[in-house]
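Analysis of the macromolecular model
For reference, the chains in residue letters:
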Amino acid sequence: VVVKAVPCGYMSATFLAAASRRRQDAASQAGPGPSSLPAGFLPLPVVDGATLTYERFLREYALPRQPCLITNLGPSWRAREWSAEYLLAHEGVDQTHRVHMADGPPQEAKERRTTVGKALEAVRRAGGRPVYLSAWDYVRGNSGALQADFDVPRYFERAPAWLRENVVLGNAATDMKWLYIGTAGSGSETHVDTNLTSAWLWVAAGEKEWVCAHGGDHELLTSGSGSRAFGYKDDDDDGGAPLPDLFARDLFEAWPHARSARLYRGVQRAGDVCYNPSRCVHAVRNLGGPAGVVTSLTHNFVDASNLADVAADATRSINEELLPMARSLKPRSFLKSLAKSLRIEREALVAALVELPQLLSDERLEEVVACAAAGAEPE
């Protein structure tokens, strides 16, 4: 699919002034942060998962698009044992599945394709070099048995099966579940998550440092960046400007508009979840851990808390990518190409396209809300 640059709006003086006021409000609410926090950043909010209710999570984090760290999750999960050695020995891991491996620090990393088995061995033999097995799509890659090692925290993925499995909205049940395993110094450059979904990332071992922007500042930080504003990588370059390097020492000089953004910075430790809401611009670095390796799990998801954003992105993609592609190809060629891109059978794709007009019907929306509300704890 050919992606075209999408202007994100003109940053007028009024727009920047309003963003600056929001940042000042966030700073006053955050209170004092760590003395080591670099100037211009707010402390990433930390909340105890042992006492956080779903209602509070929705009210203070999900619906306002506020990133945060949630502690004390999964203390008894078998996933706490995850390591390169554990995964190599696991009978349910398909070591032949091909993945991306990054060699070097984020700004200089060279990506290559390899197998899961070779990537895990490379992490073991890194010898202090920054290496990163990034975005191992373990469910798509025939290693879904690893899901028996953990439980999805109660705050996330509260959606009916048809929504989690909908290919138009990203097929989160299969295609948005990843493992990230890297050594100190590796990490991910500034980006927005795919399909404007939300994400929860849990660390099994090691520590990560995050810079996360408030989801409400998406336009401020992505204006003029083209397809990068919607989760496309730099190798899908469409002429848009690069996103700000949120870890750059000269961040606020090189990208002056970032001064008005609510940028949160914090360290995630084993057993913590970093929650990135829809439209959250973020970057992450691996600090190290047992044997110098950081092992983590990420699920992106769509539910009642972010369906509006995900549906808006799907509409944009249909209008700007799929329809022009459909007009330029014969029907059979279009369906064949799209089915291959989405990694599904053509019959399943046709069925999804046929039911598209009913995707957000009143009945479907009521089901999504009811599913999210089911089992919510009383305050």
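Fair warning: this is a prediction, and the values are worked out from it, not measured in the lab.

Points about the overall build of the protein
The helix and strand tally for the protein stands at 12 helices and 14 strands. Here the protein holds 379 residues, and 52% of them are scored as buried. Sequence separation of at least 24 residues holds for 77% of the intrachain contacts in the protein that already meet a minimum separation of 6. For the protein, the accessible surface area stands at approximately 17,200 Å², while carbon and sulfur atoms represent 52% of it.

Things to note about the sheet that holds strand β7 (residues 177-183)
Overall, mixed pairing links the 9 strands, which are arranged β2-β3-β12-β9-β14-β7-β6-β4-β5 in an open sheet. With partners counted over all chains shown, the strands left at the sheet margins are β2 (46-48) and β5 (110-115), one partner each. Sheet twist, expressed as the mean angle between neighbouring strand axes with direction ignored, is 25°. Judged from the 4 bridges that link them, strand β4 (residues 98-103) and strand β6 (residues 131-136) form a sheet pairing that is antiparallel. Bridge assignment links M101 to a residue of β6, and that residue is L133. Contacts from helix α2 (residues 54-62) reach β2, β3 (68-71) and β12 (273-276), with the element oriented near 55° to β12. Sheet strands touched by helix α4 (residues 116-124): β4, β5, β6, β7 and β14 (293-301). Its angle to β5, the strand with the most contacts, is close to 125°.

A short note on the packing of helix α10 (residues 331-342) against helix α11 (residues 346-354)
Where α10 contacts α11, the two axes come as close as 9 Å, and the packing angle between them is 100°. In terms of their interaxial angle, α10 and α11 are classed as roughly perpendicular. Residues R332, L335, K336, L338, A339 and L342 of α10 form the contact with α11, whose participating residues are R346, L349, V350 and L353. Grouping the constituent residues of the contact of α10 with α11 by class yields 7 nonpolar, no polar and 3 charged.

So, the confidence of the model for the protein
On average, the protein scores 89 in pLDDT, and the residues at 70 or more come to 88%. Confidence over residues 1-11 falls short of pLDDT 50; this stretch has 27 contacts with residues more than four positions distant or in other chains.

Digging into the sheet that holds strand β10 (residues 207-213)
Strands sit in the order β1-β11-β10-β13-β8 across an open sheet of 5 strands; the sheet is mixed. Edge strands, defined here as strands with exactly one partner in the open sheet, are β1 (42-43) and β8 (187-192).

Regarding the packing of aromatic side chains
For the structure on display, the rule yields 13 aromatic pairs. Pairing F57 with Y275 gives two aromatic rings, centres 4.9 Å apart and planes at 70°, and the pair type is edge-to-face. Residue F57 is found in helix α2, and its partner Y275 is found in strand β12; the two are separated by 218 residues along the sequence. Relative accessible area serves as the criterion here: at 2%, F57 is assigned to the buried category. Judged by centre distance (5.8 Å) and plane angle (70°), the rings of Y155 and F156 are edge-to-face. For the pair shown, Y155 and F156 are each scored as buried. A connected cluster of aromatic rings, assembled from ring pairs, spans F57, W77, W82, F150, Y155, F156, W200, W202, Y275 and F301.

Details of the packing of helix α9 (residues 307-328) against α10
Contact geometry of α9 with α10 gives a least axis separation of 8 Å together with a crossing angle of 140°. One finds that α9 runs oblique with respect to α10. Crossing of α9 over α10 shows right-handed handedness. Counting all contacts with α9, which are made through L322, M325 and A326, the residues of α10 involved are F334, S337 and L338. Residues of the contact of α9 with α10, tallied by class, amount to 5 nonpolar, 1 polar and no charged.

Considering the pairing of β5
Examined bridge by bridge, β4 and β5 share 6 bridges and lie antiparallel to one another. Its bridge partner lying in β5, R98 is registered against T115. Connecting β4 to the next strand, β5, in antiparallel fashion are 6 residues, including G104 with a positive phi near 110°.

As for the environment of A370
Topologically, A370 is positioned in helix α12 (residues 362-373). The spacing of A370 and R158 is 212 residues in sequence and 9.3 Å in space, taken between C-alpha atoms.

How each quantity is defined
Residues numbered from 1 in each chain as written. Predicted model: local features only at pLDDT ≥ 70, side-chain atom pairs only at ≥ 80, totals over all residues. Heavy atoms only, no water. Helix = DSSP H or I, 4+ residues; strand = E, 2+ residues; numbered from the N terminus. Buried < 20%, exposed > 50% of the residue type's maximum accessible area, 1.4 Å probe, protein only. Contact = heavy atoms within 4.5 Å. Areas by Shrake-Rupley, 256 points an atom, 1.4 Å probe, with all protein chains shown as cover. Pairing = 2+ DSSP bridges. Axes fitted to C-alpha atoms, helices over the stretch in contact; angles between N-to-C directions. Parallel < 35°, antiparallel > 145°, perpendicular 65-115°, else oblique. Nonpolar A, V, L, I, M, F, W, Y, C, P; charged D, E, K, R; others polar. pLDDT = per-residue confidence, 0-100. Phe/Tyr/Trp six-rings, centres within 6.5 Å; stacked < 30°, edge-to-face > 60°. Left-handed = near helix turned anticlockwise from the far one by under 90°.

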